Amino acid sequence: SFIVSKLNKKKMLRRWTGQFVGYTLTFAGFDALALNTLYNKKIVAGVGRAKGVGKESDIYHAIDFEENEIMLKINRTGRASFQQVKKRRDLLKGKFHYNVFSLAELSSKREYEVLLKLQESKLPIPKLLGRNRHIIAMNVIEGIELVKVQNLKKPLKILERVIEYAKILYHKYDLVHADLTEYNILYNEKKDSITIIDFPQAISTDHPDADLILERDFNHLFDYFRNKWFISPEVEDVVEYIVGKK
Ligand SMILES: Nc1ncnc2c1ncn2[C@@H]1O[C@H](COP(=O)(O)OP(=O)(O)O)[C@@H](O)[C@H]1O
Ligand SMILES: [Mg+2]
């Protein structure tokens, strides 16, 4: 039909031929569906330039209907395997094209639910504005990833704050971040404040490996603080401090 070939031209659908001719939705098409819904829900009025392309998501500047700047996190879980599949058409006969998008949507939904649970907390996290499919709309966090910070006057104070946040997350919200790295902590130099982001992989403290994953988080984070800021805290102590005696 006319619409199908138009969408194909815009690369929102992909035409493929095998035993029969078919079309499969691309990420661009899935984005358009989600953005259209966010527009109709009066959450996103327009999309601007890309802020960054992560491993698991793309971050875009956008505006809401009051012309405030907002941020879109477009989940790309499964994108790598999607590229693989493009090269091997035969796999498209299955439900793979559907599953790729449901993986991205699932991850996005998971992140949204975790952040929703934390909205009323005093934890410094992004403020949610809405979600559809694999896209989360949130406020813009002023700050840069800790890994890019060149001057940190009081690194120990920042680390202590991260530990306090992890403790609140653990006891008050029964969660372990599970990817608490120098990439997912944004630092605002003016305010000397931090914001914790990127929650799709957060796990419940009921998970049998929760404490091990908490230890892994701090192992990694302490490596960063040791190598970059020359402070050497003990991982065992901090895990005990956060978890408490069981
Ligand atoms: N709300 C936000 N405000 C400003 N920058 C953001 C925001 N959310 C994400 N970013 C930037 O985009 C990067 C990727 O986002 P993140 O949530 O960590 O996704 P992922 O690591 O899964 O790709 C972050 O490291 C940060 O620099
Ligand atoms: Mg990240």
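Our subject is the structure that appears above.
Residues numbered from 1 in each chain as written. Chains lettered and ligands numbered in written order. Predicted model: local features only at pLDDT ≥ 70, side-chain atom pairs only at ≥ 80, totals over all residues. Heavy atoms only, no water.

(A) The packing of aromatic side chains, seen in detail. Scanning the entire structure with this criterion turns up 5 aromatic pairs. Where Y39 meets F65, the ring centres are 5.4 Å apart and the plane angle is 50 degrees; that geometry is what we call tilted. Remark: F65 occurs in the loop between strand 4 (57–63) and strand 5 (69–75) and Y39 occurs in helix 2 (residues 27–40); sequence separation between them is 26 residues. For Y39, a relative accessible area of 41% corresponds to the partly exposed category. You can call F65 partly exposed: its relative accessible area is 31%. Here Y224 and F225 contribute two aromatic rings whose centre-to-centre distance is 5.2 Å and whose plane-to-plane angle is 80 degrees, an arrangement assigned as edge-to-face. For the pair Y224 and F225, one class covers both residues: buried. (Phe/Tyr/Trp six-rings, centres within 6.5 Å; stacked < 30°, edge-to-face > 60°. Helix = DSSP H or I, 4+ residues; strand = E, 2+ residues; numbered from the N terminus. Buried < 20%, exposed > 50% of the residue type's maximum accessible area, 1.4 Å probe, protein only.)

(B) Quick peek at the sheet that holds strand 4. With antiparallel pairing, the 5 strands of this open sheet are ordered in space as 3-4-5-7-6. Two strands close off the open sheet at either side, each with one partner strand: strand 3 (46–53) and strand 6 (128–132). For this sheet, the mean inter-axis angle between neighbouring strands, taken without regard to orientation, is 25 degrees. (Pairing = 2+ DSSP bridges. Axes fitted to C-alpha atoms, helices over the stretch in contact; angles between N-to-C directions.)

(C) The arrangement of the nonpolar core in detail. L118, F199, F218 and F225 are the most contacted members of the largest nonpolar core, which has 46 residues in total. Those elements giving two or more residues to this core turn out to be helix 4 (96–118), helix 5 (155–173), strand 9 (175–176), strand 10 (185–188), strand 11 (193–196), helix 6 (210–229) and helix 7 (235–243). In terms of domain composition, this core takes at least three residues from each of domain 1 (2–139) and domain 2 (144–243). With sequence-adjacent residues up to four places away left out, F199 is seen in contact with E111, V114, L115, L118, I125, L169 and H177. (Core = buried A, V, L, I, M, F, W, Y, C linked by side-chain atoms within 4.5 Å. Domains from an automatic or database assignment. Contact = heavy atoms within 4.5 Å.)

Bear in mind that shape data such as this cannot, by itself, settle questions of function.
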